[in-house]
Amino acid sequence: MRVDQIKQSEGLLQYFGKNNQSDLTHDNINAWHTSLYDWQAHDFIGATKEYSEVCLCAANQVGKTRTGTGIDACHATGIYPDDWEGHKFTHPPLIWCLGYSGEKTRDLLQTKLFGLFLENQFQGGFIDKNKIIDHQSMSGTAGAMRTVRVQHVNGIATVQFWSYSQGQHALMGDSVDWFHIDEEPKDQSIYPQVITRTANGDGGDGGRGILTFTPENGRTSLVIKFMDDPGQGQFFMRRGWDDAPHLSDDVKATLLDSYPEHQKEMRTKGLPMLGHGRIYDMAEDFISCDPFDIPDHWLLINGCDFGWDHPQAQIQLAIDLDNDIVYLIHAWKASKLSANDAWGATKAWSADVPVAWPHDGLQHEKGRDDAKQQMELYKDAGFLMMAERSTWDGTSNSVEQGIYEIRQRMQSGRFRVFRGLRDFFDEFLQYHRNDKGHIVKIKDDCLDSVRYAYMMRRFAIRKGEIADPKPHYIPQPLKPMGR
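Thresholds, definitions, all that
Residues numbered from 1 in each chain as written. Predicted model: local features only at pLDDT ≥ 70, side-chain atom pairs only at ≥ 80, totals over all residues. Heavy atoms only, no water. Helix = DSSP H or I, 4+ residues; strand = E, 2+ residues; numbered from the N terminus. Buried < 20%, exposed > 50% of the residue type's maximum accessible area, 1.4 Å probe, protein only. Contact = heavy atoms within 4.5 Å. Areas by Shrake-Rupley, 256 points an atom, 1.4 Å probe, with all protein chains shown as cover. Core = buried A, V, L, I, M, F, W, Y, C linked by side-chain atoms within 4.5 Å. Axes fitted to C-alpha atoms, helices over the stretch in contact; angles between N-to-C directions. Parallel < 35°, antiparallel > 145°, perpendicular 65-115°, else oblique. Left-handed = near helix turned anticlockwise from the far one by under 90°. Nonpolar A, V, L, I, M, F, W, Y, C, P; charged D, E, K, R; others polar. Pairing = 2+ DSSP bridges. Patch = residues over 30% accessible without salt bridge, like charges linked within 9 Å, V, L, I, M, F, W, Y side chains within 5 Å. Salt bridge = Lys/Arg side-chain N within 4 Å of Asp/Glu carboxyl O. Lys, Arg positive; Asp, Glu negative; His and termini not counted. Charge placed at Lys NZ, Arg CZ, Asp CG, Glu CD.

## Topic: the overall build of the protein
Regarding its fold elements, the protein presents 16 helices and 20 strands. With 483 residues in all, the protein has 51% of them scored as buried. Taking the contacts inside the protein whose residues are at least 6 apart along the sequence as the reference set, 68% of them involve residues at least 24 apart. About 23,200 Å² of surface is accessible on the protein, with carbon and sulfur atoms providing 49% of the total.

Here it is as structure tokens:
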């Protein structure tokens, strides 16, 4: 972003100076801080004092990276504004700045902090070149730094740049005082590794840091955690174009017109992109409950998904009509097992309960008994297979309708899952769409089975009506007849 795109006040212009240089003196850092919006200077920066992980999920062009690198510069030098409300380091910290690639860390983080690296020196960043002690270049990326050591008021601070493309294993070893993650990594193992490195940071009190990104990956596990279920040390804030009045109406209109429809909320409001990311975008604990005995008047229905190389699955739903709540109470899946094997594994709870099944049950099982359809094999094994494949109304079997209705139930507490059903939860946590909004059809066997059963729940039967072995009447022994 050019300087003329991000300047927001006369204070900011004063900070950069006539030649776009930035000697980070006390006066100039005050000018930079004055140039920030209140939500940047007080809400975001202020949260770093109380919380160890502060996430700014924001629209494009609102100044999130500039704000973040300004914070990084204060920590690296130990020079803070007079009315600074955030965390302060009294010692020279080890700082990690992380981005997508070597090029991105150079262009978005390094350049803002230290300026362009021209003729073997830095020019034009937050931190003046005279405060740079030495530097080590990053291999493979021209002009990019791996490490820059900075003169801190109490010693020498170290700033290191890392790219997500290096993988989480490159991040092992160090004890980190401060981190800045700029744009969310698609590799969800990166962030836990960074957090682990802060455990002994800041003199043993634990390091801390910030995340500044536009949620282009959708409602990932990381986004869901901060938005819906933040931990004790986590703070989340979202900001959009309405919070950044430096963007003119003409600029916003031009940008908005160029964005694809499904990206507009994400790029203008900082909302996770629609049609991208996890489908059931909530925490496991949000839908789970402890197992309990199902009352006889509740309804039961089973669902199955056929498979051989990929797993087959069998599940059971219990339906509480009084409260309109659907419970998943059993789930099982396995690969390369026959219908008879599936029956042996599940008959304790699947016997005499109607089973909903998909359209491929009408196909003949490949490489096996081609004289029978798949659903017939399961019927012969002992399952109470329904006469017709799963549909909503006799014709439609819309996947999106099932996902929508089940997700709505999950969000409102009307779809619950017994704890311990790991086969289901493993699928639930990774079920997602690709960047084109298409469902990624892997590891969805239990989820599909649930959808089939839910689709056909109009044929569920009451638990108390399931055939049980009737007790045999044993007559009293005959009394001897008298003579």
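Back to the text.
## Here's the deal with the nonpolar core
Counting residues in each nonpolar core, the largest one holds 63 residues, and the members touching the most others are Tyr280, Leu317, Leu328, Met385, Met410, Phe415 and Phe424. Looking at this core element by element, the count peaks at eight residues for strand 15 (residues 325-334). Not counting chain neighbours up to four residues away, the residues in contact with Phe424 comprise Ile287, Leu328, Ala331, Met410, Val417, Cys446, Leu447 and Val450. Ranked by size, the runner-up nonpolar core spans 45 residues in total, among them Val62, Phe126, Ile132 and Phe161.

## Brief notes about the side chain of Asp444
Along the chain, the position of Asp444 falls in the loop between strand 19 (432-433) and helix 16 (445-455). Given a relative accessible area of 6%, Asp444 falls into the buried group. Among residues more than four places away in sequence, those in contact with Asp444 are Glu427 and Tyr431.

## Some remarks on the environment of Glu465
Checked against the element boundaries, Glu465 lands in the segment after strand 20 (461-462). Given the relative accessible area of 57%, Glu465 is considered exposed. With 166 residues separating them in the primary sequence, Glu465 and Leu299 have C-alpha atoms 9.4 Å apart.

## Points about the packing of helix 5 (residues 64-77) against helix 6 (residues 102-114)
The contact between helix 5 and helix 6 brings their axes to 9 Å, and the two run at 50 degrees. What the angle tells us is that helix 5 and helix 6 run oblique. Remark: the crossing between helix 5 and helix 6 carries right-handed chirality. Touching Thr65, Arg66, Thr69, Asp72 and Ala73 of helix 5 are Leu108, Leu109, Lys112 and Leu113, all from helix 6. Class assignment of the residues belonging to the contact of helix 5 with helix 6 gives a composition of four nonpolar, two polar and three charged.

## Focus on the environment of Ala334
Mapped onto the elements, Ala334 comes out in strand 15. Apart from the residues lying within four places of it in its own chain, the contact partners of Ala334 are Pro311 and Gln312.

## A short note on the pairing of strand 6 (residues 145-152)
With six of eight residues buried, strand 6 is to be regarded as a mostly interior element. Alignment of strand 5 (residues 132-137) against strand 6, held across five bridges, turns out to be antiparallel. Residue Ser137 lies in a different strand from strand 6, and its bridge partner there is Met145. In this antiparallel pair of consecutive strands, strand 6 and strand 7 (residues 155-163), the connection spans two residues.

## Notes on a negative patch on the surface
Together, Asp27, Asp82, Asp83 and Glu85 line one region of the surface with negative charge. For Asp27, the location among the structural elements is in helix 3 (residues 26-35).

## Topic: the sheet that holds strand 10 (residues 234-239)
Across the sheet, which stays open at both edges, the eight strands sit in the order 5-6-7-2-8-9-1-10 with mixed pairing between neighbours. Each end of this open sheet is capped by a strand with a single partner; those strands are strand 5 and strand 10. Averaged over neighbouring strand pairs, the angle between their axes works out to 15 degrees when direction is ignored. Of the strand pairs in this sheet, strand 2 (residues 94-99) and strand 7 are connected by six bridges, and their pairing is parallel. Bridge assignment links Gly99 to a residue of strand 7, and that residue is Ser163. Lying over the sheet, helix 6 contacts strand 2, strand 5, strand 6, strand 7 and strand 8 (178-182), oriented at roughly 150 degrees with respect to strand 7.

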